[in-house]
Amino acid sequence: MSEYELVDRGRSPGQGQLLKHKTDPRRWLVKVFLGRDAHGRKKYRSQVVRGGKRDANAVLLEKLQERATGTLTPRSRMTLRDLASEWAKHKEREVAPRTLRQYVDSLNRYVLPSLGHRKIADLTLREIDRAYGNMLSGELPKADGGPGVTGRPLAAGTVRLTHAALSQALSQAVRWGLIRSNPAAEASVPSLRAKEKETLTATERARWLDVCEGRFYGTFYRLLVDTGLRPGEACALTWSDVDFARGTISVRRTVTKGSKGKPVIGEPKTDKSRRIVPMLRGLQDALLRHQDWQRERALDADGLVFKNQDGEMLRPWTFSVRDFRRSLRAAGITKELTLYSLRHTFATLHVANGTSLKKVSDLLGHANIQQTANTYMHDDLSVTTEWMKRYERMLDEVETPARPPAN
């Protein structure tokens, strides 16, 4: 038996229904008829209103206006977990497998255990803000009510990645007509603190490359630091991409992590990532020696330029960090560097040498110059000082006009 009773029985169905709670005079139910579904069942949009009859009538009028403009839809009963699953299948057509996996993993680990059961029509900004706050404080609950996922605060970058996935899923729900607005659109997301990335100086680069000469991965290291390629792009290179006659390397593919950790060769990160990069003379000589070494051992059958010590395709996510660090220590370099630091080194040395930012952006395969400036422009005091000296010399070369005589 319903806990509400209809008032204003003189209303036609087109004018909506106003129902009053039988025991609570301050509780009302507003219902607006939306037609029938494919099975002939009536569809309604309902909302509980707290207050007086005037408040309930105001909400009813608002809903009728929304229906008239076509913005009122049946209230979705889809849960956030169901939305995340459907959105992931939709998103699979738009992003690289690695990016999609990061999105799905972040939702599964940090959002769905506590909010997955919530209907997307009921999800609030307050709940989302609370979830992000728990991530930052290390108090994120598991589905079984146990301790936090990690037991310690999560990084701002992790929260921002999780927010990107959640907000995109809810925005898609808006486009699908499941909800009117995205409750995560105004969520409080922590800002990233810019961390200065360490790179090799020109002297350190030369010393390190001497050490890398003859090492198993020496040519791989040299290619990364001499071309600025992403590790995944370098791992996907084939000998057909290397043009020794023209002295260039064509970047056409990249290796990403697929399901169960299997390597997937796909398109580069962006359209701009498809590019041709000139080879330095030292790199060209190193690649020729590396090709001869492969042929002597019959390791060039599949055409891949680089392989691991088991003869399989190199995978950036399983690459031996220990070998890389040993080579740095052998060169007397104590900086905390990664394979990606070699890309940073390539860009930083180019900028310091006066290469235009547009050209550096093209070499790196960035979508725009702003990305290059934000990511690879490092605060090098010596470079800044040199540019100031050039500016000062220019000013000194301009003849100082004679001062007018004093009265």
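Above: the structure in question.
Quick notes on the rules
- Counting from 1, residues in each chain are numbered in the order their sequence is written.
- Per-residue local features are limited, in this predicted model, to residues with pLDDT of at least 70; the limit for side-chain atom pairs, both in listing and counting, is 80 or more; totals at the level of whole chains, interfaces and linings are taken over all residues.
- Values shown for side chains rest on all heavy atoms present in the structure; no hydrogens or waters enter the calculation.
- Here a helix means four or more residues in a row that DSSP labels H or I, a strand means two or more in a row labelled E, and each is numbered from the N terminus.
- Buried, partly exposed and exposed residues are distinguished by accessible area as a fraction of the type maximum, computed with a 1.4 Å probe on protein chains only: under 20%, between the cut-offs, and over 50%, respectively.
- Two residues qualify as a contact provided that any one of their heavy atoms is within 4.5 Å of a heavy atom in the partner residue.
- For the accessible areas, the method is Shrake-Rupley and the probe is 1.4 Å, while residue cover comes only from the protein chains on display.
- In this scheme, strands are said to pair when DSSP sees at least two bridges between them.
- Axis definition: a line fitted to C-alpha atoms, limited for helices to the stretch in contact. Angles are taken between N-to-C directions and run from 0 to 180 degrees.
- Aromatic pairing here means that ring centres of Phe, Tyr or Trp (its six-membered ring) are within 6.5 Å. Orientation follows from the plane angle: under 30 degrees is stacked, over 60 is edge-to-face, and everything else is tilted.

Student: I keep staring at the overall build of the chain and nothing clicks. Help me out?
Tutor: Along its length, the chain carries 15 helices and 9 strands. Relative to its 407 residues, the chain shows a buried fraction of 39%. Partitioning the contacts of the chain with sequence separation of at least 6, the portion at a separation of at least 24 is 60%. Here the chain has roughly 24,100 Å² of accessible surface; of this, 49% comes from carbon and sulfur atoms.

Student: Help me out: how do you make sense of the sheet that holds strand β2 (residues 17-21) in this one?
Tutor: Through backbone hydrogen bonds, the strands of a sheet pair up, either in parallel or in antiparallel fashion. Overall, antiparallel pairing links the 4 strands, which are arranged β1-β2-β3-β4 in an open sheet. With partners counted over all chains shown, the strands left at the sheet margins are β1 (4-7) and β4 (42-50), one partner each. The mean angle between the axes of side-by-side strands here comes to 30°, regardless of whether they run parallel or antiparallel. Where strand β3 (residues 27-36) lies against β4, 9 bridges are found, and the strand directions are antiparallel. Its bridge partner being in β4, Phe33 is matched across the sheet by Tyr44. Taken strand by strand, helix α1 (residues 53-69) contacts β2, β3 and β4, and its axis lies near 20° from that of β3.

Student: Got a minute to help me understand the packing of aromatic side chains in this structure?
Tutor: How two aromatic rings sit relative to each other is set out by the distance from centre to centre and by the angle between their planes. With the rule as written, the count across this model stands at 13 aromatic pairs. With 5.7 Å between their ring centres and 35° between their planes, Trp208 and Tyr221 make a pair best called tilted. Note that Trp208 is positioned in helix α7 (residues 202-212) and Tyr221 in helix α8 (residues 218-227), a separation of 13 residues in sequence. By the burial criterion, Trp208 is buried, and Tyr221 matches it. Pairing Trp208 with Phe324 gives two aromatic rings, centres 6.0 Å apart and planes at 90°, and the pair type is edge-to-face. Of this pair, Trp208 sits in helix α7 while Phe324 is found in helix α11 (residues 321-330), placing the two residues 116 residues apart along the sequence. Just as Trp208 is buried, Phe324 falls in that class too.

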